[in-house]
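Single-letter residue listing:
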Amino acid sequence: MQAIPAALQSTGEPPLPPAGPVVVPPVDPAQDPAPAEPGEGEPESSLPADAPPAGDEFEGNVIVVEGMTEAPPGDPLFQLNADVYESVQSVDQALVQPIADVYEDGLPRPLRKGLSNLFSNLREPIAFLNFLLQGKIGKAAETVGRFAINSTLGLAGLVDVAKKEPFNLPRRNNGFANTLGFYGVDSGAFLYLPLIGPTTVRDLVGNTLDTLVMPAAFGDPFNRLEFAATSYTVRALDERIELEEKHSRIADSDFPYATMRETYLCERQRAIDTLRNRPLAECTPEALSPLPDAASVTAPAE
């Protein structure tokens, strides 16, 4: 038998195809488009075109999307305001609320109510003056009546006699901020300030004018620092106690800062609309449902 050359002996590999022309199947451009040519001097990337940029991290099928960074209308300092708000809330929880609780539980209610009535009665001349400026003569006259009755029969305002029978004269808060709004002055930028809380440029100017009325009209003791500090402390603690439920609802909302801001602006507009005899908006935190101003939003990947 003739020997088989070594080159033709079986090696265990599949046999090579016979020599001849190689047929290449046609390529459909719609299904397999040609890759774009890399720029001059740029190395070809081995990554697919839809690969994420270097440094991006994915967790499962969740993408982290950054929220808005632009300030919302009317709140150009929202990042600063939000930071101050969070800091003040921390102080409120650690200091103000415990003091308010002691003030509420430790001081007999008649005494606490008397102090509140006293300082509220001293604001009646401010309300009277602004009702006059707004052309509300009837309400101005009722305010004078309240002040006279409570300053005499009510023991210098310790007892709110005027709101009861037979007088039926309720307390109506009013001030220069309302007067400015009544005549169409825009609220201006929203601000959140320590010791003052939520306000606007218009309200800050108006409230400052309110504090000057009594010292300018009557002098001592209204121009003393001790009187101003005592009045502020009593009113702040009373407000903290009265608005405890609203504070809790705002704190429990999805976006506390935005909820607080929208609630304040709505209530201020409501006070002005009341003076103008216009329809009143609902100003509860639940009714407003504000959106976040700047936050990270987590969205499922598509």
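Every value quoted in this text rests on a predicted model; they were computed, and no experiment measured them.

**Description of the overall build of the protein chain**
Then step 1. Broken down by element type, the protein chain carries 10 helices and four strands.
Then step 2. Along the protein chain, helices and strands appear, N-terminal first, in the series β-α-α-α-α-α-β-β-α-α-α-α-α-β.
Then step 3. Counting the 302 residues in the protein chain, one finds 27% classified as buried.
Then step 4. Once local pairs closer than 6 in sequence are excluded, the contacts in the protein chain between residues at least 24 apart make up 66%.

**Focus: a positive patch on the surface**
Then step 1. A cluster of basic side chains, namely Arg 109, Lys 113, Lys 163 and Lys 164, defines a positive patch on the protein surface.
Then step 2. Mapping Lys 164 onto the fold places it in the loop between helix H4 (137–152) and helix H5 (176–182).

**As for helix H7 (residues 225–242)**
Then step 1. With 18 residues, H7 should reach 26 Å at 1.5 Å per residue; the first-to-last C-alpha distance of 26 Å fits that figure.
Then step 2. Within the span of H7, buried status applies to Ser 231, Val 234, Leu 237, Asp 238, Arg 240 and Ile 241.
Then step 3. In the core, the buried residues of H7 are packed alongside helix H1 (78–106), helix H2 (109–121) and helix H8 (244–251).

**With respect to unusual backbone geometry**
Then step 1. Geometrically, the link from Glu 165 to Pro 166 is a cis peptide bond, its omega value of 0 degrees lying close to zero.
Then step 2. Summarising the element assignment, Pro 166 is placed in the loop between H4 and H5.
Then step 3. The phi dihedral of Ala 156 is positive, around 65 degrees, even though this residue is not glycine.
Then step 4. Notably, Leu 195 is not glycine yet its phi reads approximately 70 degrees, a positive angle.
Then step 5. Following the sequence through the fold, Leu 195 ends up in the loop between strand E2 (190–193) and strand E3 (197–200).

**A closer look at helix H6 (residues 201–218)**
Then step 1. If you check H6, its first and last C-alpha atoms are 27 Å apart, about what 18 residues at 1.5 Å a residue would give, namely 26 Å.
Then step 2. The sharpest bend along H6 measures roughly 25 degrees and falls at Leu 212, with the proline Pro 215 sitting one to four residues further on.
Then step 3. Arg 202, Asp 203, Gly 206, Asp 210, Val 213 and Met 214 are the residues of H6 that are buried.
Then step 4. In this structure, the buried side of H6 is in contact with helix H3 (124–133), H5, E3 and helix H9 (256–275).
Then step 5. The first or second residue beyond H6 is Gly 219, which carries a positive phi of 70 degrees.

**A word on a nonpolar patch on the surface**
Then step 1. Side chains of Val 91, Leu 95, Val 96 and Ile 99 sit close together on the surface and give an oily, nonpolar patch of about 310 Å² of accessible area.
Then step 2. As for its position among the elements, Val 96 is in helix H1.
Then step 3. Residue Val 96 is classed as partly exposed on the basis of its relative accessible area of 30%.

**Observations concerning the side chain of Glu 124**
Then step 1. In this fold, Glu 124 is placed in helix H3.
Then step 2. Within the local environment of Glu 124, its side chain forms a polar contact with the side chain of Arg 146, the two groups lying 2.9 Å apart.
Then step 3. When residues no more than four places from it in sequence are discounted, the contact partners of Glu 124 are Thr 143, Arg 146, Phe 147 and Arg 171.

**Structural notes on the state of the cysteines**
Then step 1. Per the stated rule, a full pass over the model turns up one disulfide.
Then step 2. Put simply, Cys 266 and Cys 283 are joined by a disulfide, and their sulfur atoms are 2.1 Å apart. The disulfide joining Cys 266 to Cys 283 has a torsion of about -75 degrees about its S-S bond and is therefore left-handed. You can see Cys 266 sitting in helix H9 and its partner Cys 283 sitting in the loop between H9 and helix H10 (285–288), a full 17 residues away along the chain.
Then step 3. For Cys 266, a relative accessible area of 12% corresponds to the buried category.
Then step 4. The exposure class of Cys 283 is buried, given its relative accessible area of 10%.

**Side note on the confidence of the model for the protein chain**
Then step 1. Within the protein chain, residue pLDDT values average 82, and 73% of them lie at 70 or more.
Then step 2. Across residues 55–60, where pLDDT falls below 50, the model places two contacts with residues more than four positions away in sequence or in other chains.
Then step 3. In the predicted structure, residues 295–302 sits below a pLDDT of 50 and forms 16 contacts with residues beyond four places in sequence or in another chain.

**Topic: the pairing of E2**
Then step 1. Strand direction decides the pairing type here: E2 and E3, joined by four bridges, are antiparallel. Residue pairing for E3: Leu 193 is matched across the bridge by Gly 197.
Then step 2. Between the end of E2 and the start of E3, which pair antiparallel, lie three residues, with Leu 195 showing a positive phi angle near 70 degrees.

**What to know about the side chain of Asp 273**
Then step 1. Here Asp 273 is to be found in helix H9.
Then step 2. The buried charged residue Asp 273 lacks any salt bridge partner; its closest oppositely charged side chain belongs to Arg 278, at an N-O distance of 4.4 Å.
Then step 3. If we skip the residues at most four places from it in the chain, Asp 273 touches Arg 278, Pro 279 and Leu 280.

Rules used in this analysis
- Residues numbered from 1 in each chain as written.
- Predicted model: local features only at pLDDT ≥ 70, side-chain atom pairs only at ≥ 80, totals over all residues.
- Heavy atoms only, no water.
- Helix = DSSP H or I, 4+ residues; strand = E, 2+ residues; numbered from the N terminus.
- Buried < 20%, exposed > 50% of the residue type's maximum accessible area, 1.4 Å probe, protein only.
- Contact = heavy atoms within 4.5 Å.
- Patch = residues over 30% accessible without salt bridge, like charges linked within 9 Å, V, L, I, M, F, W, Y side chains within 5 Å.
- Areas by Shrake-Rupley, 256 points an atom, 1.4 Å probe, with all protein chains shown as cover.
- Salt bridge = Lys/Arg side-chain N within 4 Å of Asp/Glu carboxyl O.
- Lys, Arg positive; Asp, Glu negative; His and termini not counted.
- Charge placed at Lys NZ, Arg CZ, Asp CG, Glu CD.
- Expected span 1.5 Å × (residues − 1).
- Bend = angle between axes of the 7 residues up to and from the residue.
- Polar contact = N/O pair within 3.5 Å; in protein donor to acceptor, adjacent residues only side chain to side chain.
- Disulfide = S-S within 2.5 Å.
- pLDDT = per-residue confidence, 0-100.
- Pairing = 2+ DSSP bridges.

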